[in-house]
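The lines below spell out each chain.
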Amino acid sequence: MTNGAPLQRGADAGSTLGIPVEGMTCASCVGHVEKAIAKLPDVAKVSVNLATERADVVFSSKPDIAAVVRAIEGAGYDVPEVTVELGVAGMTCASCVAHVEKAVKAVPGVNAATVNLATERVSVRHLGGVASIEAIEAAIRGAGYEPHRIGGDDASVDREREARERETTGLRRATLIAAVLTLPVFVIEMGSHFVPAIHDLVMNTIGTQTSWLIQFVLTTAILFGPGRRFFKKGVPAMMRGTPDMNSLVVVGTTAAWGYSVVATFAPQLLPAGTANVYFEAAAVIVTLILLGRYLEAKAKGRTSEAIKRLVGLQPKTARVERNGETVEVPLSEVRAGDIVQVRPGERVPVDGEVVEGGSYVDESMITGEPVPVAKNTGAEVVGGTINKTGAFSFRATKVGADTVLAQIIRMVEEAQGSKLPIQALVDKVTAWFVPAVMAAAALTFLVWLVFGPDPALTFALVNAVAVLIIACPCAMGLATPTSIMVGTGRAAELGVLFRKGEALQSLRDVTVVAVDKTGTLTKGRPELTDLTPSTGFERDEVLALVAAVETKSEHPIAAAIVAAAEARGLRIGTPEGFDAVPGYGVAATVGGHHVAVGADRYMSKLGHDLAAFAGEAARLGGEGKSPLYAAIDGRLAAVIAVADPIKETTPEAIRALHDLGLRVAMITGDNRATAEAVARQLGIDEVVPEVLPDGKVTAIHELRAGGRKVAFVGDGINDAPALAEAEVGLAIGTGTDVAIESADVVLMSGDLRGVVNAIALSKATIRNIKQNLFWAFAYNAALIPVAAGLLYPVSGTLLSPVLAAGAMALSSVFVLSNALRLKAFKPVLAAEAETTAAGTKAEAHLAAA
């Protein structure tokens, strides 16, 4: 977990825990960890990601974290522990100590908790990334005490970054030491073969035997110094019968080293003419693989830069009004209900509602829109956005893990940790790959020993070692997850959040994009354009009565009617007995008058004849306006027209979808004439009109005719079932929480251009993954036979174990470098924010799209 927030989502049946795993180096490690966890009785599903070094475990009953940790450790890997100390106010006796300890220990992931009454502190040892500081603090508050951070401890500390830096530093040190020790070994041995002057120098000074002794000392120091990490992981893995990449390195280098030791100290044990040393092969292999690991660690760190920048958007402190004074407190101590002050140029600390003052706030990190938004009393503000000019105070409504920014971080992390269906092929191959390689190496050794030329034993050893080293499946394990991490991170920068990583692959195969009209194609803020009363009714009288009824409705059309009445200064009464009929209309009593407002089907249901307004309704529908009707005291009173303006970016987005070879369908509750008028205006291919809220799922099924795959774009509560039903659901981020929770992809800007960019990025990411997989598999398929000596009878070509180690390291670096190319992905349709952000601060550019 990157920012210290928990990956756990509850601790009940069906909950998911994200558990960090240390020590994995290749795809076979992933398979071993998954297999070990999957054996546990209460585990319903497990997914392990090499790039994020995390296991996501879904439980069928109450999570047993201890059992999962034991399984991981039993497979030979580690789950990192973190110790944190918190202050606790309000404790007065030993009973208080017991209460706090019991509450903290009940937090999933906490291994131990010790409370000191004298210092009023609690020391907590917990699994990093499983239990968060926020969860521990919540448990303490639940016990009736007040926790506080000590020594500036901040939940936003990037623990994953620190772990990566430690790993990178350790690998850099090990690589440098190995390189320094390897250089003389390489110069003495290989220089003697290829440079006559070096050969003469060695022979005339130290001699062959002494040079071998020097190589033995240096190589032994390399293998059991910097190279000890391979033995610590590889030997236990072989003992468990689950060999991994480390095991291949151990067997290969030990074989070369062991043979050389015998040749140096007991040459009489070897057949005549075979007493040669390969110390340089063992030394260089370890050094090159360490170098490859170091480059991998650096590149893997870069794949999560999007998360780091998101975390960096969180301010460290906030000015809060407490006891009549304004005090600066750590962000973690801001509570819902606090009054927070924001000055010009500062970031808004948490989500809230403005209570005093006003300003313009740059929300481009959330919406991608470059124009600052005016904020006055009652307006909502989002944590992480930048206050531009004025000062204001706001009441905190969402803090900690509940803020929009925290949710964005969580979505991106979950997407980065997920597995695509394409990964299933990799998992199947790598499950048997390492054992198969060891068998191939053994077969190579035997074939060369029996059929090879003299010295057969030397040829057999060298080629078997080359097979072991060339076949390390690092590149296979990194091919998919690194592309996912970089792709989803780049998407987040463009305002496209993949809540489910699987959507990256599914979106690429979509052939039809179905869109909800209101709030998706349109601004979602319709305006009243026409109101034609029946004979005997006054326009303003009808408008006032209808507006009074609509004050109880949350529909955008209702808001437009109320806004029109307020704009004319009409007195709006208070409705009584309000009744909403989903998909039809609303009714209420206002000032003694019974008023019903709704679509033509509602009027027909009430028994009203609409023939008098047929011509007017046809005209309005032809103009793309939605005709509604009002009935007052049982009489048809008026036809009302409301038009929802098309978003300026919608036509461009639809053209771009067509350019991508996709068909666009519109699903709407509007009548056919209105819907087709809008479709003609925008160039939409298919229209499904007059759809009731519960009919959108049926519409999705209809659009699937012929085996087509459908993506659905919507923003309302009634869109949630359709978002869940479609192959890929894309929610407009400015819509409702229910819609967003039902979607696979969230478009933060509320802009259809995000759909185009999401699809284009999906295609680019899957293309990148296929390139990586091709390289990883083709590399092994091509070079294992070469390493085994297949070309020797034809051309006399053999692959040195040293070159094999270099090629193996380069394959992983190539895969990572190729994945990092996705960071340069250019959106098909760039919003103004991305083109204008060049002149702003780099930090403000994060999510401009």
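Residues numbered from 1 in each chain as written. Predicted model: local features only at pLDDT ≥ 70, side-chain atom pairs only at ≥ 80, totals over all residues. Heavy atoms only, no water.

Q: What am I meant to see in the overall build of the chain here?
A: Summing up its helical and strand segments, the chain has 31 helices and 29 strands in all. Looking at the chain as a whole, 56% of its 849 residues are labelled buried. Taking the contacts inside the chain whose residues are at least 6 apart along the sequence as the reference set, 69% of them involve residues at least 24 apart. As displayed, the chain has an accessible area near 34100 Å², and 57% of this comes from carbon and sulfur atoms. (Helix = DSSP H or I, 4+ residues; strand = E, 2+ residues; numbered from the N terminus. Buried < 20%, exposed > 50% of the residue type's maximum accessible area, 1.4 Å probe, protein only. Contact = heavy atoms within 4.5 Å. Areas by Shrake-Rupley, 256 points an atom, 1.4 Å probe, with all protein chains shown as cover.)

Q: Even after reading the chapter, I still don't get the sheet that holds strand S13 (residues 373–375), so can you show me in this structure?
A: Across a sheet, strands are paired by hydrogen bonds formed along the backbone, either parallel or antiparallel in direction. Spatially, 3 strands are ordered S13-S12-S15 in an open sheet, and the strand pairing comes out antiparallel. Strands with a single pairing partner mark the edges of an open sheet, and in this sheet they are S13 and strand S15 (386–387). The pairing of strand S12 (residues 359–362) with S13 spans 3 bridges and is classified as antiparallel. Its bridge partner being in S13, Val361 is matched across the sheet by Val373. (Pairing = 2+ DSSP bridges.)

Q: How should the packing of helix H15 (residues 456–470) against helix H28 (residues 753–788) be read in this particular structure?
A: Between two packed helices, both the angle of their axes relative to each other and the distance between the axes serve to describe the pair. Contact geometry of H15 with H28 gives a least axis separation of 8 Å together with a crossing angle of 170°. By the angle between their axes, H15 is roughly antiparallel relative to H28. Residues Asn463, Ala466, Val467 and Ile470 of H15 lie in contact with H28, whose contacting residues are Tyr779, Asn780, Leu783, Ile784, Ala787 and Ala788. Of the residues in the contact of H15 with H28, the class split is 8 nonpolar, 2 polar and no charged. (Axes fitted to C-alpha atoms, helices over the stretch in contact; angles between N-to-C directions. Parallel < 35°, antiparallel > 145°, perpendicular 65-115°, else oblique. Nonpolar A, V, L, I, M, F, W, Y, C, P; charged D, E, K, R; others polar.)

Q: Can you help me understand the environment of Val486 in this one?
A: Residue position: Val486 is located in helix H16 (residues 474–493). On the accessibility criterion, Val486 (3% relative accessible area) is buried. Separated by 279 residues in the primary sequence, Val486 and Thr765 have C-alpha atoms spaced 8.6 Å apart.

Q: Where do I start with the UniProt feature "transmembrane region" (unreviewed entry) in the chain in this structure?
A: Within this structure's numbering, the places UniProt gives as "transmembrane region" (unreviewed entry) are residues 174–195, 201–224, 245–265, 277–295, 429–451, 457–480, 773–792 and 798–816. Between the C-alpha atoms that bound residues 201–224 there is a distance of 29 Å. The span itself is 96% helix and 0% strand. Here residues 277–295 runs as 89% helix and 0% strand, with 30 Å between its end C-alpha atoms. (UniProt positions renumbered as here; feature names shortened; annotations may be inferred.)

Q: Would you mind showing me how to read the sheet that holds strand S26 (residues 686–688) here?
A: Pairing in this open sheet of 7 strands is mixed, and the strands run S17-S29-S28-S27-S18-S25-S26 from one edge to the other. Two strands close off the open sheet at either side, each with one partner strand: strand S17 (496–498) and S26. Mean inter-strand twist for the sheet, computed between neighbouring axes without regard to direction, equals 20°. Bridge analysis of strand S28 (residues 728–732) against strand S29 (residues 745–747) gives 3 bridges, and the strand direction is parallel. Within S29, the residue paired with Ile732 across the bridge is Leu747. Lying on the sheet, helix H25 (residues 696–703) is in contact with strand S18 (512–516), strand S25 (663–667), S26 and strand S27 (710–714); it crosses S25 at an angle near 155°.

Q: Explanation requested: helix H9 (residues 245–265) in the structure shown.
A: Residues three or four positions apart in an α-helix share a direction because the helix packs 3.6 residues into each turn. Across its 21 residues, H9 extends 30 Å between first and last C-alpha, which sits within 8% of the 30 Å expected from 1.5 Å per residue. Of all 21 residues making up H9, 15 are buried, and the element is well covered by its neighbours. (Expected span 1.5 Å × (residues − 1).)

Q: Please clarify how unusual backbone geometry should be interpreted in this entry.
A: Working note: non-glycine residues mostly have negative phi, and peptide bonds are mostly trans. For the peptide bond that leads from Asp454 to Pro455, omega is -10°, which places it in the cis range. Unusually for a residue other than glycine, Asn323 sits at a positive phi of about 55°. Looking at where Asn323 falls in the secondary structure, it is placed in the loop between strand S8 (317–322) and strand S9 (325–330). With relative accessibility at 83%, the residue Asn323 sits in the exposed group. For Glu690, which is not a glycine, the phi torsion comes out positive at approximately 50°.

Q: Explain a nonpolar patch on the surface to me, please; I cannot follow it from the model alone.
A: A cluster of nonpolar residues, Leu443, Val447, Leu449, Val450 and Phe451, forms a patch on the protein surface that exposes about 510 Å² of accessible area. Along the chain, Leu449 turns up in helix H14 (residues 423–451). (Patch = residues over 30% accessible without salt bridge, like charges linked within 9 Å, V, L, I, M, F, W, Y side chains within 5 Å. Salt bridge = Lys/Arg side-chain N within 4 Å of Asp/Glu carboxyl O.)

Q: Hey, could you run me through the side chain of Thr253 in this one?
A: Examined against the element boundaries, Thr253 turns out to sit in helix H9. Residue Thr253 is classed as buried on the basis of its relative accessible area of 1%. When residues no more than four places from it in sequence are discounted, the contact partners of Thr253 are Leu223, Phe231, Ala282, Ile285 and Val286.

Q: Help me out: how do you make sense of the pairing of strand S3 (residues 54–59) in this one?
A: Side-chain direction in a regular strand flips from residue to residue, so the side chains alternate between the two faces of the sheet. When you tally the buried positions in S3, you get 5 out of 6 residues, the bulk of the element. With antiparallel pairing between neighbouring strands as the criterion, strand S2 (residues 43–49) and S3 make up a hairpin whose turn holds 4 residues, including Glu53 at a positive phi of roughly 55°.

Q: Please clarify how helix H7 (residues 207–224) should be interpreted in this entry.
A: Here H7 is 18 residues long and its end C-alpha atoms lie 26 Å apart, about the 26 Å a rise of 1.5 Å per residue gives. Looking at H7, one finds that the buried residues are Gly207, Ser211, Trp212, Gln215, Leu218, Thr219, Thr220, Ile222 and Leu223.

Q: Which parts of the structure should I look at to understand the pattern of salt bridges?
A: For side chains bearing opposite charge, pairing can occur when the charged atoms are close. Under the defined criterion, the tally for this structure stands at 19 salt bridges. Residue Glu81 pairs with Arg125 through a salt bridge whose shortest N-O separation is 3.0 Å. On the criterion of sequence distance, the pair formed by Glu81 in strand S4 (residues 81–89) and Arg125 in strand S6 (residues 121–127) is long-range, its members being 44 residues apart. Its salt-bridge partner being Arg704, residue Glu727 comes within 2.9 Å of it at the nearest N-O pair. Taken together, the residues Glu727 in the loop between helix H26 (720–725) and S28 and Arg704 in the loop between H25 and S27 connect sequence positions 23 residues apart. Using a relative accessible area of 28% as the deciding quantity, one classes Glu727 as partly exposed. The network of salt bridges with shared partners includes Arg141, Glu146 and Arg335.

Q: Before we go on, may I ask you to explain the side chain of Glu550 in this structure?
A: Mapped onto the secondary structure, Glu550 falls in helix H19 (residues 539–550). There is no salt bridge for the buried Glu550, and the closest opposite charge comes from Lys552, which lies 12 Å off by N-O distance. Among residues more than four places away in sequence, those in contact with Glu550 are Ala558, Ile561, Val562, Val586 and Val597. (Lys, Arg positive; Asp, Glu negative; His and termini not counted.)

Q: Explain the confidence of the model for the chain to me, please; I cannot follow it from the model alone.
A: Segments scoring low in pLDDT should not have their predicted coordinates read at a detailed level. Confidence in the prediction for the chain averages 80 pLDDT; 84% of positions are at 70 or higher. Low pLDDT, under 50, characterises residues 832–849; the stretch is placed with 42 contacts to residues that sit more than four places away or in other chains. (pLDDT = per-residue confidence, 0-100.)

Q: Is there a simple way to explain the packing of aromatic side chains in this structure?
A: Aromatic ring pairs: the centre-centre distance and the angle between the two ring planes describe each pair. Applying the stated rule across the entire model yields 11 aromatic pairs. Taking NZ or CZ as reference, Arg601 lies 5.9 Å from the ring centre of Tyr584, over its face. The cationic tip of Lys605 hangs over the ring face of Tyr584; the distance from NZ or CZ to the ring centre is 4.7 Å. (Phe/Tyr/Trp six-rings, centres within 6.5 Å; stacked < 30°, edge-to-face > 60°. Lys NZ or Arg CZ within 6 Å of the ring centre and 35° of its normal.)

Q: Can you walk me through the environment of Val334 in this structure?
A: Mapped onto the elements of the fold, Val334 is located in the loop between S9 and strand S10 (339–342). Val334 sits in the buried class, given a relative accessible area of 1%. Separated by 64 residues in the primary sequence, Val334 and Lys398 place their C-alpha atoms 9.6 Å from one another. Not counting residues up to four positions away in its chain, the partners in contact with Val334 are Ala318, Val320, Arg322, Val329, Val340, Val350, Ala396 and Val399.

Q: Sorry if this is basic, but what is going on with the pairing of strand S11 (residues 351–357) here?
A: Bridging between S11 and strand S16 (residues 392–398) involves 6 bridges; their strand directions are antiparallel. Counted as the bridge partner of Gly352 is Ala396 from S16. Inspection of the sheet shows S11 paired to strand S14 (residues 380–381) by 2 bridges, in the antiparallel sense. Each bridged residue has a counterpart across the sheet, and for Gly352 the counterpart in S14 is Val381.

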